[in-house]
Amino acid sequence: MAALRYAGLEDTDSEEELPPGWEERTTADGWVYYASHLEEKTQWEHPKSGKRKRVAGGLPYGWEQETDENGQVYFVDHINKRTTYLDPRLAFTVEDNPVKATPRQRYDGNSTAMEILQGRDLSGKVVIITGANSGIGFETAKSLALHGAYVVLACRNPSRGNDAVQRILGEWHKAKVEAMTLDLASLQSVQRFAEAFKSKNVPLHILICNAAIFGAPWSLTEDGLESTFQVNHLGHFYLVQLLEDILRRSSPARVVVVSSESHRFTEIKDSSGKLDFSLLSPSKKDYWAMLAYNRSKLCNILFSNELNRRLSPHGVTSNAVHPGNMMYSSIHRSWWVYTLLFTLARPFTKSM
């Protein structure tokens, strides 16, 4: 009892509560240790429970780990503009030797990008995201950049692309982000973008084909193709072909194609069951905006499946994803009817 009294252990009820004079700290790589100011010593084991612990996951959003001139780790909260030597993850520690393995975390329709990326270190990863100046593309670019990736925002409008870069840098000044011009409605622009990216002599670990138009009136691109088909599918198809060699050299790498559940509500075959190319880039009299969008999304999935079959043996995977039904972004801006429909559905669907 004298030893317990000397250590102050008899004053605490919980085995996790530290005795007087003890402080909980973390190392740079996340292991928890304990410092006694009375005895001027440190140890790995909790002074009361004898357990060893480490912090779980990465730093919360907005936090950054630094080291002072004495080698002491400290933490900067960029959102609230404060500095502390107390690791904010200490509230979420796990034992060094848990009894059983932690089950894999599962995500659902309410999960955010920041939650899914929690604890991931993407330093050294290079990412290209098309249409990244707004909506899903911007949120994806921001989330990846805040977790250390070097992100290229491939945008049609250079001014909006640069504005998106500044918004990300406003959240974290050390983010590695850059805007490059890419107009998917011009195959020449796609080629110029690919050549400009290759000239950087950097790898490419993730290519996210996100840009799309929806509900747009009929028009032809400078290449003579219907705009929805070229922007949503053919431009991305060409981009992947041009960057395929870099993806292979950077393996493991991945291509992510943002498609839609609406691919189910269309067909691209004629009455005999053969592929009807006239449906992909229809004339004005045969054009319906919703059908054109659905067909382009079906092409996305077919392309992604075949790309994965061909490149996965070389370390490059491809996945098509559905971002959520009627997510409220700027994709509906082409027609006021669609804007009204998305606005009415907004309270019942996932938002940014």
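Going by what an unreviewed UniProt entry lists, the protein is known as WW domain-containing oxidoreductase and is assigned to Piaya cayana. The record in UniProt for the protein states the following under Sequence similarities (unreviewed entry): "Belongs to the short-chain dehydrogenases/reductases (SDR) family."

## A short note on the pattern of salt bridges
As enumerated under the stated definition, the model contains 16 salt bridges in all. A salt bridge links Glu-45 to Arg-52; its shortest N-O distance comes to 3.1 Å. Linking Arg-89 and Asp-87 is a salt bridge whose minimum nitrogen-to-oxygen distance equals 2.9 Å. This pair shows no difference in class: Arg-89 is buried, exactly as Asp-87 is.

## A few points about the packing of helix α5 (residues 187-198) against helix α6 (residues 227-249)
Close contact between α5 and α6 brings their axes to 10 Å; oriented N to C, the two are set at 30°. Of the possible angle classes, the one that applies to α5 and α6 is roughly parallel. By crossing handedness, the relation of α5 to α6 is classed as right-handed. The segment α5 lies against α6, with Leu-187, Val-190, Gln-191, Phe-193, Ala-194, Phe-197 and Lys-198 engaging Gln-230, Gly-235, Tyr-238, Leu-239, Leu-242, Leu-243, Asp-245 and Ile-246. Of the residues assigned to the contact of α5 with α6, the class counts are ten nonpolar, three polar and two charged.

Here is what the cut-offs are and how they apply
Counting starts from 1 at the beginning of each chain's written sequence and moves along it residue by residue. Two thresholds apply to this predicted model, a pLDDT of at least 70 for residue-level local features and 80 or more for giving and counting side-chain atom pairs, whereas whole-chain, interface and lining totals are computed over all residues. Processing note: side-chain calculations cover all non-hydrogen atoms of the structure and skip hydrogens and water entirely. UniProt positions are given in the numbering used here, feature names are shortened, and annotations may be inferred rather than shown by experiment. The working definition used for a salt bridge is a side-chain nitrogen of Lys or Arg within 4 Å of a carboxyl oxygen of Asp or Glu. Relative accessibility under 20% of the residue-type maximum defines a buried residue, over 50% an exposed one, and the middle range a partly exposed one, all with a 1.4 Å probe and only protein chains included. Geometry is summarised by axes, namely lines fitted to C-alpha atoms with helices restricted to the contacting stretch, and by angles between N-to-C directions that run from 0 to 180 degrees. Runs of H or I in DSSP of at least four residues are treated as helices and runs of E of at least two as strands, each being numbered from the N terminus. Geometric relationships in this document are graded by angle, where less than 35 degrees denotes roughly parallel, more than 145 denotes roughly antiparallel, 65 to 115 denotes roughly perpendicular, and other angles denote oblique. For any pair of crossing helices, the crossing counts as left-handed if the nearer helix is rotated counterclockwise from the farther one by less than a right angle, and right-handed if it is rotated clockwise. Between two residues, a contact is recorded if the distance between any of their heavy atoms is within 4.5 Å. Asp, Glu, Lys and Arg are counted as charged, while Ala, Val, Leu, Ile, Met, Phe, Trp, Tyr, Cys and Pro are counted as nonpolar; the rest, among them Gly, fall into the polar class.

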